[in-house]
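Structural features, examined
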Amino acid sequence: MIGLNPLPNETLEVADGIPSAAKLPLDNSSSRLAFQTATFGLG
Amino acid sequence: MLRTRVGYCGGTKQGPTYRALGDHTEAISIDFDPTAIRYEDLLQQFWDGHYCARNIGKRQYMNAVFHHDDHQKHLAESTRDQAAGKAGISPHSVETGILPVGTFTYAEAYHQKYALPSHHEVRAFLSDTYPKGKELADSTVATRLNAWLGSGLACDPMVLEQEIESSGLPESLSTYVLAKAVR
């Protein structure tokens, strides 16, 4: 859930390269596109 | 840009969290369509966006490229050398890290899509649609909304309207976002 505060006992997931959101039409279409991932630490 | 999320990577500690980060770094992970933007272009933005001859001493807040494969590593190193030239320093003096990403752990839900909690109806709709943190973090719609409502960057009006129309947002939220987004 989006929120301002931490959730109790939240388990953090690790990236698996599979987009998990597809319920909304734009998410559904974007989840089918080929993609690459870039990762940066921004100081 | 298809999706962005924040998390922890680059270290060795198992199961990092914000309160117990170990040797990991806070990072942003960007899924992008390589037919629309190149990795080199993202690297260019990255190098242009910080001063590469200095890095904060704390691993948590390090400037770094976390590469996903050898090709990305090669491009990071070649663009680092160009950035060093621009900064007037030797590539050996660059303090920005170039490291393997390793395991990327999603940050806690309250760190994701940072601009959205202040837009209550948007927040409620997305939380109802995607109650799991990873789903929300992986949502293109949430990524777009976070940018439109929170970045302060101007949006292309035509792109904005097309994407809102295709997003699946209820009409009332579409109207709200169109009114609030900077154009």
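Throughout, a residue's number is its position along its own chain's written sequence, starting from 1. Following the order in which they are written, the chains are lettered starting with A and the ligands numbered starting with 1. Local features in this predicted model are restricted to residues of pLDDT 70 or higher, and side-chain atom pairs are both shown and tallied only at a pLDDT of 80 or more, whereas totals for entire chains, interfaces and linings draw on every residue.

Some thoughts on the sheet that holds strand β5 (residues 105–106) of chain B
Taking strand neighbours across the sheet as the criterion, the six strands line up as β4(B)-β3(B)-β1(A)-β2(B)-β1(B)-β5(B) in an open arrangement whose pairing is mixed. Whereas interior strands pair on both sides, the edge strands pair on one side only; in this sheet they are β4 (97–100) and β5 of chain B. In short, DSSP must find at least two bridges between two strands for them to pair. For helices the rule is a DSSP run of H or I covering at least 4 residues; for strands it is a run of E covering at least 2, with both sets numbered from the N terminus onward. Where strand β1 (residues 36–42) of chain A meets strand β3 (residues 63–67) of chain B, four bridges bridge the pair, whose relative direction is antiparallel. Residue pairing for β3(B): Phe40(A) is matched across the bridge by Val65(B). Along the sheet face, helix α1 (residues 39–48) of chain B touches β1 of chain A together with β2 (25–32) and β3 of chain B and points at about 10° away from the line of β1(A). In this description, any two residues whose backbone-derived C-beta atoms lie within 7 Å of each other are considered to be in contact. The convention used is that axes are lines fitted to C-alpha atoms, helices contributing only their stretch in contact, and that angles between N-to-C directions extend from 0 to 180 degrees.

A short note on the domain arrangement of chain B
Residue and element names in this part refer to chain B. Boundaries of every domain are those given by an automatic assignment or by a domain database. For chain B, the assigned domains are domain 1 (3–106) and domain 2 (110–180). Between the C-alpha centres of domain 1 and domain 2 there is a distance of 26 Å. In this complex, domain 1 contributes six residues to the contact, which on the side of domain 2 involves eight residues. Ranked by residue count, the leading element in the side of domain 1 that touches domain 2 is strand β1 (residues 3–9), at four residues. For the side of domain 1 that touches domain 2, a count of residues per class yields three nonpolar, one polar and two charged. Amino acid classes used here: Ala, Val, Leu, Ile, Met, Phe, Trp, Tyr, Cys and Pro are nonpolar; Asp, Glu, Lys and Arg are charged; the rest, including Gly, are polar.

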